Each structure stands twice: as structure tokens, then as C-alpha cells.
Amino acid sequence: MIFVLGATGKVGRHLVPALLDAGATVRALTRDPAKARLDPRAEVVRGDLGTSDLPALLDGADRVFVLTQGHSADREAAVARAAAQTGVTHLVKLSTTGVHFGQKDPITLTHAEAEQAVREAGPAWTILRPGAFMDNRFAWLGSIREENAVYVPETDPPSALVHVRDIAAVATLALTTSGHEGATYELTGGEALTAGQQVAILSEAIGRPLKYVEETESAARDRMIRGYGWPAKAVDGFFALKRESAPHEHVVFDTVERLLGRPPLTFATWARENASAYHHQE
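Bear in mind the structure is a predicted one, so any value in this text is a computation, not a measurement.

Novice: I'd love a proper account of the packing of helix α10 (residues 217-227) against helix α11 (residues 232-245), names of residues and values included.
Specialist: One can describe the packing of α10 onto α11 by two numbers: an axis separation of 9 Å at closest approach and a directional angle of 140 degrees. One finds that α10 runs oblique with respect to α11. The interaxial crossing formed by α10 with α11 has right-handed handedness. Residue-level inspection shows E217, A220, R221, M224 and I225 of α10 in contact with α11, the latter providing A232, V235, D236, F238, F239 and R243. Partitioning the contact of α10 with α11 into residue classes produces seven nonpolar, no polar and four charged.

So this is what it looks like as C-alpha cells:
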């Protein structure tokens, strides 16, 4: 049985049905099963990693997908230790390419610490290190709906964005087939696109022109805090991550194609799949 943490998140919502389609038995953890809307074929359990009895939650599982809300190294380490106690044989940890590149921002350092805990816990392990998600472009929803415009910090680098469905497919492979023990996989899309190229692709998918506006980091910070309501600490973390990742976001890894036997999903595919979300809301 496979125990999935982060089952309602960006990757988890694709991972759970993919595992079930592969014939696996899945137990999915959520704080609120009534709101989770998880695949009915999964065993859904209520729990919180900060307060729940981890060995009881993990009882009967032989593989675990490790991802915590907020990427807590302490909680992921606790999961790894509990997994070792309860007889889990394989941990698959979702991390970030920042660890590969030695980035020093807080998010990457937390993942690096959690990776080490997973490696040292005892069970076999596989580390997945995706780059920036295509889903991050949902941050443009408000300005596209309201102004047909996209505002991008002028320092935004070209990025080999990865589709979350590709991440879920690789995770499914690692959790349901042998040969991935002790492996670390960097995951990106197949090409690095500038923000301007992404906007052009999204504009075509939506079917209307979009204005592309580059702005200073100061203006972008103000937009996130005042316009989007982001906490200042979250904005600081975002820009710390971007400064560290900027030199590396263009790097393309061939891991998805090598493992799945097909090219990575494109940003154009993602844009077509999600075009309706960007339509004006009545």
C-alpha cells in the first residue's frame, strides 16, 4: 500500500489517480476529507503531521510519497523515522532542483535538510527534484482576467517549466516499479521559455491579446503585497528563491523523457488545458 502525503496539492491531485490507475492501493492523508474531493478509489484518512500519531497513520504502508505543506524538514524527518519504525520499504521525496545547484535560499535549504533525513532514515529512497512548475503561472490569473495584462519582474529568467503531471508520472514510476532505489532525479520541461514567450503561448490558448509588462522588483513586491495580499515574508522568500535560481532555471534535464519514454509535456499543452481559468469572471 502506498501512503501519499500532500494528496490534495499540485502534484498529489495527479499522483493519487495515477497510482490507482497503475493498480496500486492508495491511502491519502488530508486534514479535511469532506473537502478533499480525492479519487473515491483511494482510502482517505484524516490527519495532521504536526499532531497525529504518525506510526498509526503509516501502519500497513510499504511505500510513502513524502511531501509536507510548507516543506517542513522537521515533519518530513519525523515521517521518515516513523516509516522506518513501521516497516516501510521505500520513501519517495519531492524536493527541488535548487538542491542540485547548491542554492542557499530558505526553501532549498529546507528541502536539502529533509532529503538528508530521508536518506538516513533506513528505508530505500528516491529523490525527485522538479524545477519551476507550469502551475506557477496561475499567479497571472487576476491581472489577465481584469486587465488582459501580465506583470513580470524584469529580472525573471527563462525557465524550463515542468508540468505537474510529468512529476506525478515519474513519482508513480518510482513508487510502483523497481530500479529507482537510491536514485535522484532532476525534472524539468523540454525547453526554457522567457516570460514573454510564455505570455504569447498563453495568449494564443486563451484566444485574446495579452499585454506583457516588465516591472522593477520594487514594483513587483508592492503588487504582491498590496495587490495580491501576499505576506511580506512570503514575498521576501519568493525573491530570495528567484535570485538563487535565476542562473539555473534555463537548464533542461532529459530525465522525464528518459524515464517515461516520451517528451515532457509542453507549456502550450498546459496553456490549452487551463485556458478557461483565465476567462473573464462574470
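Novice: Let's hear about helix α1 (residues 12-21): which residues, and what values?
Specialist: Listing the buried residues of α1 in full gives G12, L15, V16, L19 and L20. In a view along the axis of α1, the buried residues occupy a sector of 125 degrees, so they form one face of it. Residues of α1 that are buried make contact with β1 (2-4), β2 (26-30), β4 (63-66) and α8 (164-176). Immediately downstream of α1, the backbone of G23 shows phi near 95 degrees, a positive value.

Novice: I'd love a proper account of the sheet that holds β2, names of residues and values included.
Specialist: Judged by pairing direction, the sheet is parallel, and its seven strands sit side by side in the order β3-β2-β1-β4-β5-β6-β8 without closing on themselves. Both outer strands of the open sheet, β3 (43-46) and β8 (183-187), are each paired with one neighbouring strand and no more. The average angle at which neighbouring strand axes cross in this sheet is 20 degrees, direction not considered. Set on the sheet, helix α6 (residues 106-120) makes contact with β5 (90-94), β6 (124-130) and β8; between it and β6 the angle comes to about 160 degrees.

Novice: Just give me the short version of the side chain of S159, but keep the residues and values in it.
Specialist: Structurally, the position occupied by S159 is in the loop between β7 (149-153) and α8. When near neighbours in sequence (up to four residues on either side) are disregarded, S159 contacts A132, E191, A192, L193 and E249.

Novice: So what's going on with the packing of aromatic side chains? Residues and values would help.
Specialist: According to the stated counting rule, one finds seven aromatic pairs in the structure shown. Summarising the aromatic geometry, the rings of F138 and Y278 are spaced 6.2 Å apart at their centres and angled 20 degrees between planes, so their arrangement reads as stacked. Within this pair, whereas F138 is found in the loop between β6 and α7 (141-147), its partner Y278 is found in the segment after α13 (267-274), the two being separated by 140 residues in sequence. Members of the aromatic cluster, joined through ring pairs, are F138, F267, W270 and Y278. Sitting above the plane of the W125 ring, R119 keeps its charged end 4.8 Å from the centroid. The residue whose ring lies beneath R223 is Y151, and the NZ or CZ to ring-centre distance is 3.6 Å.

The rules behind each value
Residues numbered from 1 in each chain as written. Predicted model: local features only at pLDDT ≥ 70, side-chain atom pairs only at ≥ 80, totals over all residues. Heavy atoms only, no water. Axes fitted to C-alpha atoms, helices over the stretch in contact; angles between N-to-C directions. Helix = DSSP H or I, 4+ residues; strand = E, 2+ residues; numbered from the N terminus. Parallel < 35°, antiparallel > 145°, perpendicular 65-115°, else oblique. Left-handed = near helix turned anticlockwise from the far one by under 90°. Contact = heavy atoms within 4.5 Å. Nonpolar A, V, L, I, M, F, W, Y, C, P; charged D, E, K, R; others polar. Buried < 20%, exposed > 50% of the residue type's maximum accessible area, 1.4 Å probe, protein only. Arc of directions from axis to C-beta. Pairing = 2+ DSSP bridges. Phe/Tyr/Trp six-rings, centres within 6.5 Å; stacked < 30°, edge-to-face > 60°. Lys NZ or Arg CZ within 6 Å of the ring centre and 35° of its normal.

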